[in-house]
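Next come the chains, spelled out residue by residue.
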Amino acid sequence: MFVSSMKYKMGSHRFDRCLTIVYTVPIIITLGVDYMRLTELYMPTLREAPADAEIASDIMSLRAGMMRKITGGLFSYLPLGLIALNNIADGVRKELNQRGAVEMLNPSMMPLENLGYTDSVGGDNRKIWKLRDFQGKEYALIRGYDNGLSHIIKDEVKSYKQLPLRLYSTQFQYTNEERPRFGVVRGRNSMVASVAGFDKDVDSMDSFYSEMWATFESIFNNYSLDSKSVNAGGEQLLFAVCENGADSFVQCSKCEYAALEDFVKVVYKCEENDSEPKPMERVHTPDTYTIEQLTGFLGVKHSQCAKALILNVKGELVVALIPGDRDVSEAKLANYLGVYEEDLEVAEDEFIHSTGSGVAPGFTGPVGLLKPVRFLIDKRVTEITNMVVGANEADYHLINVNYGRDFKGELVEDLIEYEDGDICPNCGGILNRGKGITVVKAIKVGDSMSKSMGATYLDENGKDKPMNISYYNIDVSKLMAAIIESHHDESGIIWPLNSAPFHCAITVVNNKDQVQMDLGESIYSSLINSNIKVLLDNRADRAGVKFNDRDLIGIPIRITVGKKAPEGVVEYSIRGVDGRDDISVEEILPRIAGLFNEMGLKSEDDNKVGGAL
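Quick word on the overall build of the chain
In terms of regular secondary structure, the chain is built from 13 helices and 36 strands. Taking the principal axes of the C-alpha coordinates as reference, the chain spans close to 100 × 65 × 50 Å. Within the span of the chain, comprising 613 residues, buried residues form 51% of the whole. Carbon together with sulfur atoms contributes 48% to the accessible area of the chain, which is approximately 27,900 Å² in total. When the 66 basic and 89 acidic side-chain charges of the chain are each reduced to a single mean position, those positions are 4 Å apart.

Shown next, in the form of structure tokens:
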């Protein structure tokens, strides 16, 4: 372990403030800084962002000297960035504590079996970083929902009197992201607050779930973020909506419905057809390998045909059949089959022929197969009267084919890929795409996991019952990125007061002017005594450099000490707000107090503004 201490001077006095860096495996960092001089702060700002920075939060964080990229998807938080991250994490902690959750800390590396219960819940096991010790035992860097919290309590919580229980941990998690992009938004290391709720019954679990969701919405409101609740199958996500967000979702123009594209329930209505089922016929259709070619040859609509996708799924031949005017959603197909999308391979001709099924590539259909084949049929196909399908023979198709009479198969509720303009499954409104950053993930697991892992308790009657478990993740690193995405301009970040690394920045225009320096130091001392987090720019740089850096790092309250210092007058302005005022030093605290009150921060114990200059 290595601990370093930084000492800051203020006037003729000496104040010890500790910057503690604790190296474990991986690193856990704590930093407590409420005031600092820029001559003592490591803040290497950049005029231009690196070429691979893609979105505003990544660009601004790098340019403002808050973060540095180590390699693809891995970032170091420099002092200014870590101060901001910890401020936001503390805001999250406060909200969780108010809901009765209690914080604890697990190792960032856990035995693989301890995480085996939870990594399959709402996650992808392939994204786990794995390692072995000298004895060959497997470990993993934590990621996912509960970080081993369930494994700890399953052998220690045995009575209904110990429930409900709410635990959380706030620490860095590590994801083996295949294609890291967009800075921390698709990065490999991220600070996450993971919450686990343990309840006696479903009603108690549902109640806590509602409380937690209200908590997350409150956190978003605290930072003036637009939010959108998005369905992701078993998971519920909360997006920070922003124009250039790295994640996308589908939302209704009329109601609150929203879902990830892969989980949108596609409403597809077959065209009305009063025709009675006709006798099936075999038709010669040379060189018609695509729906376009087939419809042109036969003079029928795309929707009158059925489209087949032939797949090799882990060595099994699987055929998906959908209406001919749509495409197969590989995500929905993989989800139905219980595999990853990467397990879906377009079947090669050699593999197809080796099965002896009689499936003919390019002319595939569900009729006349030589051997049973797993045919997954989108339910909307069953509503097409007198459809066109492949005849499983080169250059031939079948017309007037009808489900039930001519073929059967494994019916699936929805295998169709979403398209812009589809209608909402709830209200019939038009669906469109939205963008944002996925900050919150939540899932109600119920008692299924408890049964498998043996997390049980004795109820009031002495009967053994499984706990009902729910999990919640709020990604603090992504929350910080979302705040920057939503609060910036071309000059830099515009921090909300409650998330800024410092509340106020004092800029001394000329540090060689003793009157300016003395006034700057006096204001600095008084703001510290009033519990205001303050940064003093006492550098010897040109004024333009100082002003550019001040805009870039985005400290909300700006005090400029310049030529009017002998008169006790300074310039007062707010980042992102037009206009600036010349005010006397006596007016500074009332102005700041008014702003704190306006932001609802006056009653905060750690943000009380008091004293006088």
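Let us keep going from here.
A few points about the side chain of glutamate 485
Tracing the sequence through the fold places glutamate 485 in helix H10 (residues 476-486). There is no salt bridge for the buried glutamate 485, and the closest opposite charge comes from lysine 435, which lies 10 Å off by N-O distance. A distance of 3.1 Å separates a polar side-chain atom of glutamate 485 from the backbone nitrogen of alanine 56. If we skip the residues at most four places from it in the chain, glutamate 485 touches Ile55, Ala56, Ser57, Cys242, Asn244 and Ile437.

Regarding the sheet that holds strand S18 (residues 281-284)
Two pairing modes exist for strands in a sheet, parallel and antiparallel, and in both the strands are linked by backbone hydrogen bonds. Read from one edge of the open sheet, three strands run S18-S24-S23, paired in antiparallel fashion. Only two strands of the sheet have a single partner each, and these edge strands are S18 and strand S23 (387-393). For this sheet, the mean inter-axis angle between neighbouring strands, taken without regard to orientation, is 35°. By the bridge criterion, four bridges tie S18 to strand S24 (residues 396-401) in an arrangement that is antiparallel. Note on S24: the bridge partner recorded for histidine 284 is tyrosine 396.

Quick word on helix H7 (residues 330-337)
The periodicity of an α-helix, 3.6 residues per turn, causes residues three or four positions apart to be oriented the same way. Inspection of H7 places Ala331, Lys332, Leu333, Ala334 and Leu337 among the buried residues, and these make up the whole buried set. Just downstream of H7 lies glycine 338, where phi reads positive at about 75°.

A few points about the pairing of strand S34 (residues 557-561)
The element S34 is extensively covered by neighbouring structure, given that five of its five residues are classed as buried. As judged from the five bridges shared by strand S32 (residues 504-508) and S34, these two strands associate in the parallel manner. If you follow alanine 505 over to S34, its bridge partner there is arginine 558. With four bridges connecting them, S34 and strand S35 (residues 569-574) associate as antiparallel partners. Directly across from isoleucine 559, in S35, lies its bridge partner tyrosine 572.

Observations concerning the confidence of the model for the chain
Residues at a pLDDT of 70 or more form 90% of the chain, whose mean pLDDT is 87. For residues 1-31, every residue scores under 50 in pLDDT, and the model assigns this stretch 61 contacts once sequence neighbours within four places are set aside. Segment residues 603-608 is flagged for pLDDT under 50; beyond a separation of four residues in sequence, or across chains, it makes nine contacts in the model.

Observations concerning the nonpolar core
Met66, Phe216, Val439, Ile474, Leu479, Met480 and Trp495 are the most contacted members of the largest nonpolar core, which has 67 residues in total. At nine residues, the largest contribution of residues to this core is made by helix H2 (residues 79-98). In contact with phenylalanine 216, other than residues within four places in its own chain, are Leu238, Val440, Tyr472 and Ile474. Ile523, Ile532, Val570 and Val585 belong to the second largest nonpolar core, which has 27 residues in total.

Structural notes on unusual backbone geometry
Going from leucine 163 to proline 164, the amide bond is cis rather than trans, its omega being 0°. Relative to the elements of secondary structure, proline 164 occurs in the loop between helix H4 (149-153) and strand S12 (165-174). Positive phi is not limited to glycine here, since asparagine 392 has a value of about 55°. As for its position among the elements, asparagine 392 is in strand S23.

Things to note about the pairing of strand S22 (residues 374-378)
Within S22, four of the five residues are buried, leaving the element largely enclosed by the surrounding structure. The pairing of strand S20 (residues 316-323) with S22 spans four bridges and is classified as parallel. In the sheet register, leucine 321 faces S22, and the bridge partner there is isoleucine 377. Alignment of S22 against strand S25 (residues 410-412), held across three bridges, turns out to be parallel. From the neighbouring strand, aspartate 378 faces S25, where its bridge partner is valine 412.

A look at the sheet that holds S22
The five strands lie next to each other as S21-S19-S20-S22-S25, forming an open sheet whose pairing is mixed. Looking at which strands have only one partner, the edges of the open sheet turn out to be strand S21 (344-346) and S25. Between one strand and the next, the sheet's axes are offset by a mean angle of 35°, whatever the strand orientation. Relative to the sheet, H7 contacts strand S19 (306-313), S20, S21, S22 and S25, its axis offset from that of S22 by approximately 125°.

Side note on the packing of aromatic side chains
Taken as a whole, this structure holds ten aromatic pairs when the rule is applied. With a centroid separation of 5.5 Å and 90° between ring planes, the pair formed by phenylalanine 208 and tyrosine 472 is classed as edge-to-face. Here tyrosine 472 lies in strand S29 (residues 468-475) and phenylalanine 208 lies in helix H5 (residues 202-222), a separation of 264 residues in the sequence. Across this residue pair, the class does not change: phenylalanine 208 and tyrosine 472 are buried. A centroid spacing of 5.8 Å and a plane angle of 45° characterise the contact between tyrosine 209 and tyrosine 472, whose relative ring orientation is tilted. Taken together, the residues tyrosine 209 in helix H5 and tyrosine 472 in strand S29 connect sequence positions 263 residues apart. Judged by relative accessible area, which is 0%, tyrosine 472 ranks as buried.

With respect to helix H12 (residues 543-553)
Residues of H12 that are buried: Lys546, Asp549, Arg550, Asp551, Leu552 and Ile553. In the core, the buried residues of H12 are packed alongside helix H1 (56-63), H2, strand S31 (492-493), S32, strand S33 (534-537) and S34. Directly beyond the C-terminal end of H12, a positive phi value near 75° is found at glycine 554.

Reading the values: the criteria
- Residues numbered from 1 in each chain as written.
- Predicted model: local features only at pLDDT ≥ 70, side-chain atom pairs only at ≥ 80, totals over all residues.
- Heavy atoms only, no water.
- Helix = DSSP H or I, 4+ residues; strand = E, 2+ residues; numbered from the N terminus.
- Buried < 20%, exposed > 50% of the residue type's maximum accessible area, 1.4 Å probe, protein only.
- Areas by Shrake-Rupley, 256 points an atom, 1.4 Å probe, with all protein chains shown as cover.
- Lys, Arg positive; Asp, Glu negative; His and termini not counted.
- Charge placed at Lys NZ, Arg CZ, Asp CG, Glu CD.
- Salt bridge = Lys/Arg side-chain N within 4 Å of Asp/Glu carboxyl O.
- Polar contact = N/O pair within 3.5 Å; in protein donor to acceptor, adjacent residues only side chain to side chain.
- Contact = heavy atoms within 4.5 Å.
- Pairing = 2+ DSSP bridges.
- Axes fitted to C-alpha atoms, helices over the stretch in contact; angles between N-to-C directions.
- pLDDT = per-residue confidence, 0-100.
- Core = buried A, V, L, I, M, F, W, Y, C linked by side-chain atoms within 4.5 Å.
- Phe/Tyr/Trp six-rings, centres within 6.5 Å; stacked < 30°, edge-to-face > 60°.

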